[in-house]
Amino acid sequence: MANASWVFTPTVPNMNKMKISPSISISRSGFYGISKRVSCANAVQGVDKLSPSESQPTRLVGKGCKLVGCGSAVPTLQVSNDDLSKIVDTNDEWISVRTGIRNRRVLTGKDRMTGLAVEAAAKALEMAEVDPNDVDLVLLCTSTPDDLFGSAPQIQAALGCKGNPLAFDITAACSGFVLGLVSAACYIRAGGFKNVLVIGADALSRYACESEEDGLFGFDLHSDGEGNRHLNASIKENEADGSFGSNGSVLGFPPKGSSYSFVQMNGKEVFRFACRVVPQSIEIALQNAGMTRSSIDWLLLHQANQRILDGVATRLEIPTDRVISNLANYGNTSAASIPLALDEAVRSGKIKSGQTIATAGFGAGLTWGSAIIRWK
């Protein structure tokens, strides 16, 4: 698990969380914000029915949004591939060759997702110079909240947002960060919201800017429920016979408790899905932004598998030295992976102010989306 955050101007935070590695569940959240201008995307068709030439523009004239801060937090417990080999039938070479992952962070009883989210959010707010009391909306992008009814309000309270801003969860698995980013932008551009905190891998944002400083150039979002069979964690339902007992009471009531199954994934199909739809989505987002591949300074994808990152980069003809990757150290952290990788790249000096980033998330649902953004 990990938390990371971004901030845009006027700010909108975004957070993502959760990671699954071989037999190990890891989560992480990212935080980021966007400023007072955002484009709202139009409805889209299935990926096989939509081409860049058929896509409609998503940029709107008006106030803009600007990414101005980021932050991250990860659990203290690190589990290596060698550690995993002691409890499951695997080894470092098998995992690293197929996924690029060598280590991951695991949430223990001492940590909570919301605690890491708060830590990442606070860092993003500090970088953006945004007071928690100035946050107008908190969006928590996560598939693994600490509370079944949602964890965003807990984070809002822990940050000390005394104005009681609206806070709610967004569930879109590994695509959560991108969806949270675009949602925050829509809230800001529609008016009424200036500073939005998006927590999905942990994202937080705030600030305002004019249209010429807009930091969200174009985006593209999709989902395909038919693909759910390839990646899911379905609920296990216990049967109740619904018949009546001799005293007129209903047998099987109250019902037995239910639980979710382990994550089930058809790796080959998900790999093919990602390598097919992600390049298409980025091309559409670029077209919506009126930009070309040559405009991209960095490719920042959901950190699921190194071979997917390499495959998408090859399809888009983007050199490997312009691809952001940190999954060797953290593994797949779901909605948190994009903001965590962004935060590390920004704080290390790799990503510079004014540079353009093509980012894309993809995962369970199936869902996928991309956004063309500018850092600060």
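Residues numbered from 1 in each chain as written. Predicted model: local features only at pLDDT ≥ 70, side-chain atom pairs only at ≥ 80, totals over all residues. Heavy atoms only, no water.

- The chain appears in an unreviewed UniProt entry as 3-Oxoacyl-[acyl-carrier-protein (ACP)] synthase III from Cynara cardunculus var. scolymus.
- Listed under Pathway (unreviewed entry) in UniProt, the entry text for the chain is "Lipid metabolism; fatty acid biosynthesis." (UniProt positions renumbered as here; feature names shortened; annotations may be inferred.)

Some details on helix α6 (residues 267-289)
Moving on, step 1. Compared with the 33 Å implied by 1.5 Å per residue over 23 residues, the 32 Å span of α6 between its first and last C-alpha is a close match.
Moving on, step 2. Downstream of α6 by one or two residues, Gly290 has phi in the positive range, about 70 degrees. (Helix = DSSP H or I, 4+ residues; strand = E, 2+ residues; numbered from the N terminus. Expected span 1.5 Å × (residues − 1).)

A closer look at a nonpolar patch on the surface
Moving on, step 1. A surface patch of nonpolar side chains, amounting to about 560 Å² of accessible area, comprises Leu148, Phe149, Ile235 and Tyr260.
Moving on, step 2. With relative accessibility at 71%, the residue Leu148 sits in the exposed group. (Patch = residues over 30% accessible without salt bridge, like charges linked within 9 Å, V, L, I, M, F, W, Y side chains within 5 Å. Areas by Shrake-Rupley, 256 points an atom, 1.4 Å probe, with all protein chains shown as cover. Salt bridge = Lys/Arg side-chain N within 4 Å of Asp/Glu carboxyl O. Buried < 20%, exposed > 50% of the residue type's maximum accessible area, 1.4 Å probe, protein only.)

Here's the deal with unusual backbone geometry
Moving on, step 1. With an omega dihedral of -5 degrees, the bond running from Gly365 to Leu366 counts as a cis peptide bond.
Moving on, step 2. Residue position: Leu366 is located in the loop between β17 (356-363) and β18 (367-374).
Moving on, step 3. Phi at Glu129 takes a positive value of approximately 60 degrees, unusual for a residue other than glycine.
Moving on, step 4. Structurally, Glu129 can be placed in the loop between α3 (113-128) and β8 (137-141).
Moving on, step 5. Even without glycine at this site, Lys376 takes up a positive phi of about 50 degrees.
Moving on, step 6. Residue Lys376 is classed as partly exposed on the basis of its relative accessible area, which comes to 34%.

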